Amino acid sequence: MIDHIAEKIREADLVLIGLGEELDVFNSCKTDLPSYTANEWGESSWMLPFADKVIVDELAEEKRQCYVDLAACLGNKNYFIVTLCQDGMIHTGSLKEERIVEPCGGYEKLQCSKACSADLYELPENLMGQVKAFLKKDSQIPVPKEPLCPKCGSSLVFNSVNASCYVEEGYLEKWMDYKKWLQGTVNKKVCLLELGVGMKYPSVIRWPFEKIVFFNQKAELFRVHTRLYQMSEEIKGRGQGIKQSPEEFLKELSNAF
Ligand SMILES: [Zn+2]
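Residues numbered from 1 in each chain as written. Predicted model: local features only at pLDDT ≥ 70, side-chain atom pairs only at ≥ 80, totals over all residues.

Further remarks concern the overall build of the chain. On a plain count of helices and strands, the chain comes out with nine helices and nine strands. Here the C-alpha radius of gyration of the chain, 20 Å, is about what a compact globule of 257 residues would show, namely 18 Å. Considering only C-alpha atoms, the chain reaches an extent of 60 × 35 × 30 Å along its principal axes. Evaluated residue by residue, the chain yields a buried proportion of 34% over its 257 residues. Within the chain, contacts between residues separated by at least 24 positions form 69% of all contacts whose residues are at least 6 apart in sequence. (Helix = DSSP H or I, 4+ residues; strand = E, 2+ residues; numbered from the N terminus. Rg over C-alpha atoms; globule rule 2.2 N^0.38 Å. Buried ≥ 20, exposed ≤ 12 C-beta atoms within 10 Å, placed from the backbone. Contact = placed C-beta atoms within 7 Å.)

So, about helix H8 (residues 206-215). Taken together, the buried positions of H8 are occupied by Arg206, Phe209, Glu210 and Val213. Within H8, the buried residues cover an arc of 100 degrees as seen down the axis, which keeps them to one side. In H8, the exposed positions angled more than 90 degrees off the buried face are occupied by Trp207, Lys211 and Phe215. (Arc of directions from axis to C-beta.)

By the criterion of burial, strand S2 (residues 78-83) is predominantly enclosed, with five of the six residues buried. Where S2 lies against strand S3 (residues 100-101), two bridges are found, and the strand directions are parallel. Counterpart to Ile81 in the pairing with S3 is Ile100. (Pairing = 2+ DSSP bridges.)

Our focus in this paragraph is unusual backbone geometry. Unusually for a residue other than glycine, Ala115 sits at a positive phi of about 50 degrees. Note that Ala115 resides in the loop between strand S4 (105-112) and strand S5 (120-121). Even without being glycine, Lys137 reaches a positive phi, approximately 55 degrees. Within the element layout of this structure, Lys137 appears in the loop between helix H6 (127-135) and strand S6 (156-160). The exposure class assigned to Lys137 is exposed, which follows from the 6 C-beta atoms found within 10 Å.

Let us look at the environment of Val167. Mapped onto the fold, Val167 is located in the loop between S6 and helix H7 (169-183). For Val167, a count of 23 C-beta atoms within 10 Å corresponds to the buried category.

With that settled, consider the environment of Lys211. Among the secondary structure elements, Lys211 is positioned in helix H8. Overall, Lys211 belongs to the exposed group, with 12 C-beta atoms counted inside 10 Å. For the pair formed by Lys211 and Glu234, sequence separation is 23 residues and the distance between their alpha carbons is 9.5 Å.

What follows concerns the sheet that holds S4. Across the sheet, three strands lie side by side as S5-S4-S6; this open sheet has antiparallel pairing. Bordering the open sheet on either side are S5 and S6, each of which pairs with just one other strand. For S4 and S5, the ladder comprises two bridges, and the chain directions are antiparallel. Across the sheet, the residue bridging to Leu110 is Tyr121, located in S5.

Let us look at the sheet that holds S2. Strand order across the open sheet formed by six strands is S3-S2-S1-S7-S8-S9, with parallel pairing between neighbours. Every other strand in the sheet has two partners, leaving S3 and strand S9 (239-243) as the edge strands with one partner each. Inspection of the sheet shows strand S1 (residues 14-19) paired to strand S7 (residues 190-195) by six bridges, in the parallel sense. In the strand pairing of S7, Leu19 is matched with Leu195.

Ranked by internal contacts, the top residues of the largest apolar core, which has 53 residues, are Val15, Ile17, Leu19, Ile81, Leu192, Leu193 and Leu195. Those residues in contact with Leu19 that lie beyond four places of it in its chain are Ile81, Thr83, Leu84, Cys85, Leu195 and Gly196. (Core = buried A, V, L, I, M, F, W, Y, C linked by C-beta atoms within 7 Å.)

With that out of the way, let us pick up the pairing of S1. When you tally the buried positions in S1, you get five out of six residues, the bulk of the element. By the bridge criterion, six bridges tie S1 to S2 in an arrangement that is parallel. In the sheet register, Leu16 faces S2, and the bridge partner there is Phe80.

Structure follows, in structure tokens:
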């Protein structure tokens, strides 16, 4: 099976990759995160998402290999990657930045919590170090101050789908590039690979991927997931569902290149 998929990737004119929740450090490790409540943290509760980032950063190292494996499979192919992951690990490998879109945002940039403008902000330089020290109860390091919007004074939060007013400008330009790239897939041999994509945001990857395969007779979809690997009736015969963890699958697939 793995050799068959590797062959399909080699033969394809274009390769479209969808990465989902199963690969996201934040989702897969959520149960391991400390169960703090906003109450216990009192005035410092703004820090909770930043504390999450500390933990995500520590756990993320393990996921790095997936992206090394993925890059090995894609080589110099003409590809595009849509990812629902928010852990930012996709940027650690050698994948082409201009071919990655992250519609859910993540922990890279900050935005105004009230979305008073579409501006995105870098994390203040010492903030993560201070949050880490705070978590370790290290009193030598100053207590972190909540970052505030320079325009309206509201809190700054991570530019992700978790924000109550998500500033989507963070990914829209890349999304337009993706749409343009998709136009070029018409009548081409397209290999679609869906890795760990569940039902959290089906309209971003799962459904559109099925639609592409439905309309393009030369397209083929391989759907890898530990539970939700089933293929819809309409596209049976042009692809396959594979019950496997995306990490394991990528490891095996990269060995075929
Ligand atoms: Zn603001």
